[in-house]
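Listed here are the chains, written in short residue letters.
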Amino acid sequence: MFSIVFGAMQLGGAAPFFGAVAQAQVAAKLVYDVIDAKPKVEINPNGTKFDPTKYTGEIKFTDVNFKYPSRPDLHVLKNFSAVFEAGKTTALVGPSGSGKSTIIQLIERFYNPESGFIHVDSTKIDEFDLRNFRQSVGYVGQEPVLFNMSIKENMKLSKPDATD
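Residues numbered from 1 in each chain as written. Predicted model: local features only at pLDDT ≥ 70, side-chain atom pairs only at ≥ 80, totals over all residues. Heavy atoms only, no water.

(A) Fine view of the side chain of Asn132. With respect to the secondary-structure elements, Asn132 resides in helix α4 (residues 130-136). Ignoring any residue separated from it by four or fewer positions in sequence, one finds Asn132 in contact with Lys49 and Phe50. (Helix = DSSP H or I, 4+ residues; strand = E, 2+ residues; numbered from the N terminus. Contact = heavy atoms within 4.5 Å.)

Next up, the structure:
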């Protein structure tokens, strides 16, 4: 009898934590869903190696259409065409939501356009080995996250072999 009463008291004391266990299970499932998700952007390890010495770096968008997968009702880019000339500074200007960051994300191949083409010089961007290409592309966002250290040390976090 003593064991039953004592066990019931302990179970009653643990009851408030059952909700947290249930929340942890739901959170874990969401994390595993992300881990198990297959990316829509293929890595293509057998793709063309991007050698910055062989390309001028001209980027050309031709009739690119894009909607974010999480917001399929919002057309971010519609028949967007532009040429970003090699060796020239180009500014993307526009109100929030006009597609400036989306253009950069498409160049870095975080997403694929729904239609249209993106070329670096004359090579379609999806023909490159993705990892190799991303190692050759640099981008500093409008609101970069910096750690409490020098800019040099922050940059070496993403590219440890970077020279001064």
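(B) Region of interest: the packing of aromatic side chains. Scanning all chains against the criterion turns up 10 aromatic pairs. Relative to Phe84, the ring of Phe61 has its centre 5.9 Å away and its plane inclined at 85°; by these criteria the two rings are edge-to-face. Here Phe61, found in strand β1 (residues 59-66), pairs with Phe84, found in strand β2 (residues 77-84); they are 23 residues apart in sequence, far enough to count as distant. In this pair, the class of Phe61 matches that of Phe84, namely buried. (Phe/Tyr/Trp six-rings, centres within 6.5 Å; stacked < 30°, edge-to-face > 60°. Buried < 20%, exposed > 50% of the residue type's maximum accessible area, 1.4 Å probe, protein only.)

(C) Molecular detail of the side chain of Glu108. Counting through the fold element by element, Glu108 comes out in the loop between α3 (100-107) and β3 (115-120). Apart from the residues within four sequence positions on either side, Glu108 is in contact with Leu130, Arg134, Val137 and Tyr139.

(D) Representation of a nonpolar patch on the surface in the model. A surface patch of nonpolar side chains, amounting to about 490 Å² of accessible area, comprises Met1, Ile4, Val5 and Met9. In this structure, Ile4 sits in helix α1 (residues 2-14). (Patch = residues over 30% accessible without salt bridge, like charges linked within 9 Å, V, L, I, M, F, W, Y side chains within 5 Å. Areas by Shrake-Rupley, 256 points an atom, 1.4 Å probe, with all protein chains shown as cover. Salt bridge = Lys/Arg side-chain N within 4 Å of Asp/Glu carboxyl O.)

(E) Quick peek at unusual backbone geometry. The backbone phi angle of Asn79 is positive, close to 50°, even though this residue is not glycine. Along the chain, Asn79 turns up in strand β2. The residue Arg109 is not glycine, and still its phi comes out positive at about 60°. Assessed through its relative accessible area of 3%, Arg109 is described here as buried.

(F) Representation of the layout of surface pockets in the model. Approximately 870 Å³ is the volume found for the largest pocket. In terms of lining residues, the largest pocket is bounded by 23 residues, among which Gly138, Tyr139, Val140, Met155 and Ser158 are the most central. Breaking the lining of the largest pocket down by element, the ones donating at least two residues are α4 and α5 (151-158). Sort the elements by how many residues they give to the lining of the largest pocket and α5 lands first, with six residues. Here the lining of the largest pocket is built from residues that sort into 11 nonpolar, six polar and six charged. The space that makes up the second largest pocket amounts to roughly 500 Å³. Along the walls of the second largest pocket sit 23 residues, with Gly57, Ile59, Phe84, Ile104 and Ile107 positioned nearest its centre. Of all the elements, α3 adds the most residues to the lining of the second largest pocket, at three residues. Its residues assigned to classes, the lining of the second largest pocket comprises 14 nonpolar, six polar and three charged. (1 Å grid on protein atoms, 1.4 Å probe; cavity = no way out; pocket = protein on both sides within 12 Å on 5 of 7 lines; lining within 4 Å. Points joined across faces, edges and corners; volume = space filled by probe spheres on them. Nonpolar A, V, L, I, M, F, W, Y, C, P; charged D, E, K, R; others polar.)

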